[in-house]
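Now for the letters of each chain:
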Amino acid sequence: MTTSPRTLRTAVAVLAIAALTSCGAGGDGDPAEGGAVTLSFLTGSDQSTVDTSKALADAFMKANPDVRIEIENQPGGSEGDNVIKTRLSTGEMSDVFWYNSGSLLQALNPGQTMVDLTGDPVLANVQPDYLPVVSQGGKVYGVPATTLAGGGILYNRKVYERLGLQVPKTWDEFMANNEKIKAAGVTPVIATFKDTWTSQLFVLSDFYNVRAAAPSFAEDFTAGRAKFATTPAAVGGFQHLADVHAKGYLNEGFGSAVLDQGLKMLIEGAGAHYPMLTTLLPAQLANYPQTATDVGFFGLPGADAARHGATVWEPAALYIARTTEHLAEAKRFLAFVASPAGTDAVTAAVRPSGPYRIKGSKLPEDALQVAKDLQVYIDQSATAPALEFLSPIKGPSLEQITVAVGSGLTPPAEGAAQYDKDVEKQAKQLGLAGW
């Protein structure tokens, strides 16, 4: 089964439910009292989303006793997607709901199903860089519900310190570090291809470098004018997979290793680098508290040190259904979510693994090191959203292709060409012009 990158967090969730359940945010399920307005809030079922949603609702109700929020949890994956689409199309959507930002938003026809927030004070604290991923047709529909995620290289800082290594800004520097790490008897690069989706990160996280070399790639790719195989920068991610395999930098048994094994290797210092998302680390804190300080993050290095940056996965968003009968209260809730007070409430419940997209929100002193590292890229305006936030096209076979390339079974150029064929099928299914 293929896991799209925007559902990677769902893939590692520890809580899933088979049907919608409903409860008051405070857990008592009592009806609204004293004539208070009740807002319905549909959100996800993975533990991080559940905790985040409850923290936001509880803090908002404490500050706004005239509003009560009732939380519903939807199933994960495609089942939850179908719930959202069905309820929007039938006019039975909750007042406020949690959903993806980026290209998947377009399939919900926001212009017909959601409240337009363009120019509304609700957006006053939202960082401008975030707005495009919750927009369609120049209109804005959502506010960020959680933190930014970085996609790139998680690395063991203790290994780097022991070997006197510096964070690399070019691929050549990265490979030179790998050689020194291998000589020291540590696995340079961790791969966990049994969980096939994890093989995609060298390709997906390289998009910052693709965009730097070919700024219009996302637009041209969506229109069928640009291909991975014929864009040198886009072949780079596939080449990186081949490079680390050819040099013998991968862990033994990488083909049968799984995500949890990879994270354990990284945290304990048995492996130095793991191409992965920062969002997977908070769940490790219970068993490995050193995760907070011993694991760092850097963007996938490219060809030019002066243009070094990182690919990011933008936060999911909260939206208001057009059918709401409590628009003023719903806007008040979203304004709270998109404020420092809202992010403070989340931080108190869920230790952040990345920066917030809210002006004035600061990471706490005990934030994970990967969050602090990612904040540097944000401060330097050296980030680009993953391709999936800019294009609706992602071929379902990418993870199988990247496993084959990363295992030395398929040459990188051939893998890129295979992926072009894979996305062509999807683009035609979507009815996109130019295909």
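Residues numbered from 1 in each chain as written. Predicted model: local features only at pLDDT ≥ 70, side-chain atom pairs only at ≥ 80, totals over all residues. Heavy atoms only, no water.

(A) Region of the structure containing the confidence of the model for the chain. Looking at the chain, the pLDDT average stands at 91 and 92% of residues meet or exceed 70. Between residues 1–24, whose pLDDT stays under 50, and residues either more than four places distant or in other chains, the model counts 66 contacts. Under a pLDDT of 50 for its full length, residues 26–32 has, in the predicted model, ten contacts with residues more than four places off or in other chains. (pLDDT = per-residue confidence, 0-100. Contact = heavy atoms within 4.5 Å.)

(B) Broad picture of the packing of helix H16 (residues 398–406) against helix H17 (residues 412–430). Running from N to C, H16 and H17 point in directions that differ by 170°, and their axes come no closer than 10 Å. When the axis of H16 is compared with that of H17, the two are roughly antiparallel. Residues Leu-398, Ile-401 and Val-405 of H16 pack against Pro-412, Gly-415, Gln-418, Tyr-419 and Asp-422 of H17. When the residues that make up the contact of H16 with H17 are grouped by side-chain class, the tally is five nonpolar, two polar and one charged. (Axes fitted to C-alpha atoms, helices over the stretch in contact; angles between N-to-C directions. Helix = DSSP H or I, 4+ residues; strand = E, 2+ residues; numbered from the N terminus. Parallel < 35°, antiparallel > 145°, perpendicular 65-115°, else oblique. Nonpolar A, V, L, I, M, F, W, Y, C, P; charged D, E, K, R; others polar.)

(C) Broad picture of the packing of aromatic side chains. A full pass over the atoms with the stated rule returns 17 aromatic pairs. Ring centres of Phe-41 and Phe-333 lie 5.6 Å apart, and the angle between their planes is 70°; on these two criteria the pair is classed as edge-to-face. Separated by 292 residues along the polypeptide, Phe-41 in strand E2 (residues 37–43) and Phe-333 in helix H13 (residues 327–337) bring together distant segments of the chain. Linked through ring pairs, Tyr-155, Tyr-160, Trp-171, Phe-174, Phe-202 and Phe-298 together constitute an aromatic cluster. (Phe/Tyr/Trp six-rings, centres within 6.5 Å; stacked < 30°, edge-to-face > 60°.)

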